[in-house]
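# Remarks on the overall topology
Single-letter residue listing:
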Amino acid sequence: MIGQYIRGSAIAAALFAVGMGAASANTVKIAYLEGLSGPFANVGEVGLRHLQFAADRINAKGGVLGQKIEVIPFDTKTSPQEAQLVFKQLVDQGIRYMMQGNGSAVAIALSEALGKHNSREPEKTVLYMNYGAVDPSLTNDKCNFYHFRFDADVDMKMQALTTYMAQQKDITKVYLINQDYAFGQSVAKAGRAMLTKKRPDIQIVGDDLHPLGKIKDFAPYVAKIKASGADAVISGNWGNDIALLIKAAKDAGLKAKFYTYYAGGLGTPPVIGEAGVGNLKQVTVFHSNIGGSGAAAEVEAYRKRFPDSKDDFYWTTIMTAVDMLTRAMEQTKSTDPTKVALAMENMKATQVTGEAYMRPENHQLVQPIFVSTFSKANGKDVKFDVERTGFGFQTDARIEAKDTVLPTTCKFQRPKG
Amino acid sequence: MEFFLVTLLNSLSYGLLLFMLSSGLTLIFSMMGVLNFAHASFYMLGAYFAFQTSQAIGFWPALVVAPIAVAALGAITERYGLRTVHKYGHVAELLFTFGLAYIIEEIVHLIWGRAPVEYKIPAVLDFSAFSIFSTQYPAYRVFMMLVSVGMLIALYFALTRTRIGLIIQASLTHPDMVESLGHNVPRVFMTVFAGGAALAGLAGVIGGNAFVTEPGMAASVGTIVFVVVVFGGMGSLAGAFVASLVIGAVQTFSVGFDYSLLNLFALLGIETSADSAWYDLWKVTISQAGPVLPYILMVLMLIFRPKGLMGTREG
């Protein structure tokens, strides 16, 4: 325990030194809070490269209001407790903007800490851009005025996914396997409820929750899925949890189709390869082959900047977040988070996937959602492969922004602008 | 039936890997009286060394080179670390290995980064060996089992049939007598420590690519290995073997059981609903509780039989 404490504070000290050293007076600082060590470190690094990419693009055009954007990474170890400590640090350093997206448990903890801080110190408010933590409660009962979500939430995605699944007549038995925390539990709950409503004839033959980031061998779970006779599996797993699940399924020769949230996230496509063609599906707000010149240009620009085969463009949500943030700053001629937040509400965005807008009732970005299937790259509609595997995603269904809106229970207090 | 057989094989391959790790730990403990907290770190180093060497010269040379490299590190650790602090007693030795585990982890961070590295199963072993009904069984798992069993047999013969094995066994119980017979007991200690580290390293080589090679792998497997050693009885190789298989089976099979205490209540005729007191606790299924079960077993063992399954010492 002592060791852990010493180790923790050593890292904190190192990060603090980096933060202090790099921070210069006239920049807009965005703190990037993510697990940069531990089982999800790889996922954290992917997001960081995207944010850096977005910030560099703004800076190349002269920054915002004459100031450069500066990205300052903090390691949360994907732990809610750790993240709250990190939040105190960034407040102490006077950072007013933060971004996070991996792990809804972390997001909920941060949103709570943020709410308390902002109500205590209205002069020093902090704005939170959430690019990927999709537990519905963040924009419903636990919503917060200073929290903006740029990814579609679990229910919006599940709505799209189950509508698509309901049309697949070959599905008879469905297995749910998810990570045992806020997000995974939401996926399981939404999946069960929506699927049984849309296709009462489908049987739910399994509903597993496994510890987050701790399972290194999914073979026992795959044996269980196999025994259940499922022909479709729904999983919200991300990071290594999806890559290892898919790997175990492939090793055991499991024939079921996988309906996932994050199979297109980096790490999984190289694991499955040929075996995933036609069998691996995902529901996302973006994939490289959605079509349109904007999307293609974005993917190519990103690949030029990060040529390593492990890197690929994934988070449009980070691009939209940075774009909206800078436009709101220019519109209000201010870098004060409260003014910027009021400007961001109801703001329209033209992102590469199509028209999108920030919903003022709960600060959820409303945008098109795609269901896509892992396919062989063919230079035409599957132009881009993922991680240079020769395989990419092909759109099965596109759900327009207006059809993704769901009711919300969010009631937050607006500050006076 | 299909589920049972596949899971049995999975639990065997996992259990054997656990044994490869715990055998070294238990040998070192019985000889030197030191619980080596850095043991799982040698497992991690084995995986990282194998990753590095397999990128340079391929997997098969790595299978030999990586454990030898780990053994060399183990020898150095014993000769220049443990032996130096030995005179300050067991607490100093314990703290030394404890600190070493952190140092190794930080060194791994510095060299290989905090994210998992791509240490992949060699292409020649990446196919399915056979099918049980309709489930394919990956060849690499068979290979893992073969390596583990091969090591088990080699270890058995080395300890019981060779001269050095006899000296090691004698040094376990009567170090002073062995020394007065003219054997270099400190060197025997060093050999055992290096050998134990090599076994952990070998486990890392074959476990690192079957699972994930990341800086957290030492911590995630370290606690389980202690459970195995305590459960099997400190210092007992046979105990460690049985315990490895039992813990492997408990962890693997528990996934398949979706029963919770609610089912038990229903059997007993006690009615429960979502409003009942402690409902969230009762509804936890065995499969969800799986990761905790080995620790529960360990606690029960310590309560009812503190010396472990086949241990000889009390407490």
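What you see is a predicted model, and the numbers here were worked out from it, not measured in a lab. (Residues numbered from 1 in each chain as written. Chains lettered and ligands numbered in written order. Predicted model: local features only at pLDDT ≥ 70, side-chain atom pairs only at ≥ 80, totals over all residues.)

### Focus on the overall build of chain B
Stated formally: We count a stretch as a helix when DSSP gives it H or I for four or more residues in a row; a strand needs E for two or more, and each element gets its number in order from the N terminus. Atoms considered for the radius of gyration are the C-alpha atoms alone. The globule rule reads 2.2 Å times the number of residues to the power 0.38. Here the C-beta atoms are placed from the backbone, and a residue counts as buried if at least 20 other C-beta atoms lie within 10 Å of its own, exposed if 12 or fewer do, and partly exposed otherwise.
Helices and strands together make up the secondary structure of chain B, namely 14 helices and two strands. Taking 20 Å as the expected radius of gyration for a compact globule of 315 residues, we find that chain B reaches 21 Å, a close match to that expectation. Taken over the C-alpha atoms alone, chain B extends approximately 70 × 50 × 40 Å along its principal axes. Residues counted as buried form 44% of the 315 residues belonging to chain B.

### Overview of the pairing of strand S9 (residues 257-260) of chain A
Residue and element names in this part refer to chain A. Selection rule: A pair of strands is considered paired only if DSSP assigns at least 2 bridges between the two. Seen with the strands pointing away from the viewer, any crossover whose path from the first strand over the helix to the second strand runs clockwise is right-handed.
Here S9 shows a buried face lined by Lys 257 and Tyr 259 and a second buried face lined by Phe 258 and Thr 260. For strand S8 (residues 232-235) and S9, the ladder comprises four bridges, and the chain directions are parallel. Within S9, the residue paired with Ile 234 across the bridge is Tyr 259. One crossover worth recording links S8 to the parallel S9 by way of helix H8 (residues 240-251), and it is right-handed. Relative to strand S10 (residues 280-284), S9 is paired through three bridges, and the arrangement is parallel. Pairing of Thr 260 across the sheet is with Gln 282, part of S10.

### So, the interface of chain A and chain B
Going by this rule: Residue pairs qualify as contacts under a 7 Å threshold applied to their C-beta atoms, which are placed from the backbone. Each residue gets one label: Ala, Val, Leu, Ile, Met, Phe, Trp, Tyr, Cys and Pro are nonpolar, Asp, Glu, Lys and Arg are charged, and the others, such as Gly, are polar.
On the chain B side, the residues contacting the 27 residues of chain A number 26 residues. If you list the elements that add at least two residues to the side of chain A that touches chain B, you get helix H1 (2-22), helix H2 (41-60), strand S7 (203-210), helix H7 (219-228) and H8 of chain A. Examining the composition of the side of chain A that touches chain B, we find that seven residues originate from one element, H7(A), more than from any other. Among the residues forming the side of chain A that touches chain B, the class breakdown is eleven nonpolar, six polar and ten charged.

### Concerning the confidence of the model for chain B
Residues and elements named next belong to chain B. Cut-off, in case you're wondering: Summary of the metric used: pLDDT quantifies the predictor's per-residue confidence within the range 0 to 100.
Chain-level statistics for chain B give a pLDDT mean of 90 and a share of 99% at 70 or above. Of all the helices and strands in chain B, helix H12 (residues 279-282) carries the lowest mean pLDDT, 82, while helix H2 (residues 39-57) carries the highest, 96. The ipTM value of the predicted complex is 0.88, and its pTM value is 0.88.

### A look at the packing of helix H5 (residues 139-161) of chain B against helix H6 (residues 163-173) of chain B
Residues and elements named next belong to chain B. Note the threshold: The angle between two axes is taken between their N-to-C directions and runs from 0 to 180 degrees, where each axis is a line fitted to C-alpha atoms and a helix contributes only its stretch in contact. Our angle categories are set so that under 35 degrees counts as roughly parallel, over 145 as roughly antiparallel, 65 to 115 as roughly perpendicular, and the remainder as oblique.
Packing of H5 against H6 brings their axes to within 5 Å, and their N-to-C directions diverge by 75°. Compared by their axis directions, H5 and H6 come out roughly perpendicular. Where H5 abuts H6, its residues Ala 158, Leu 159, Thr 160 and Arg 161 lie against Gly 165, Ile 168 and Gln 169. Here the residues of the contact of H5 with H6 are counted per class, giving three nonpolar, three polar and one charged.

### Here we look at unusual backbone geometry
One non-glycine residue with positive phi stands out, namely His363(A), at about 60°. Positive phi, close to 55°, is recorded for Phe133(B), a residue that is not glycine.

### Some remarks on the packing of H7(A) against helix H1 (residues 2-32) of chain B
Between H7(A) and H1(B), whose axes approach to 9 Å, the crossing angle comes to 175°. As summarised for this structure, H7(A) and H1(B) are arranged roughly antiparallel, according to the angle between their axes. Counting all contacts with H7(A), which are made through Ala219(A), Pro220(A), Ala223(A), Lys224(A) and Ala227(A), the residues of H1(B) involved are Glu2(B), Phe3(B), Val6(B), Thr7(B) and Asn10(B). Here the contact of H7(A) with H1(B) is composed, by residue class, of six nonpolar, two polar and two charged.

### Focus on helix H10 (residues 293-305) of chain A
Residues and elements named next belong to chain A. What counts is decided by this rule: Working rule for helices: expected span equals 1.5 Å times residues minus one. Of all possible arcs, the one meant is that of the directions from the helix axis to the C-beta atoms.
Compared with the 18 Å implied by 1.5 Å per residue over 13 residues, the 18 Å span of H10 between its first and last C-alpha is a close match. Regarding H10, the residues found buried are Ala 295, Val 299 and Tyr 302. Taken around the axis of H10, the buried residues stretch over an arc of 65°, which confines them to a single face. For H10, the exposed residues set more than 90 degrees away from the buried face come down to Ser 293, Ala 297 and Lys 304. In this fold, the buried residues of H10 make contact with H2.

### Looking at helix H14 (residues 293-304) of chain B
Residues and elements named next belong to chain B. The first and last C-alpha atoms of H14 sit 16 Å apart over twelve residues, in line with the 16 Å expected at 1.5 Å per residue. Pro 294, Met 298 and Met 301 are the residues of H14 that are buried. The buried residues of H14 occupy an angular sector of 65° when projected down its axis, which confines them to one face. Away from the buried face of H14 by more than 90 degrees, exposed residues Ile 296, Val 299, Leu 300, Ile 303 and Phe 304 are located. Close packing links the buried residues of H14 with helix H9 (217-232) and helix H10 (237-254).

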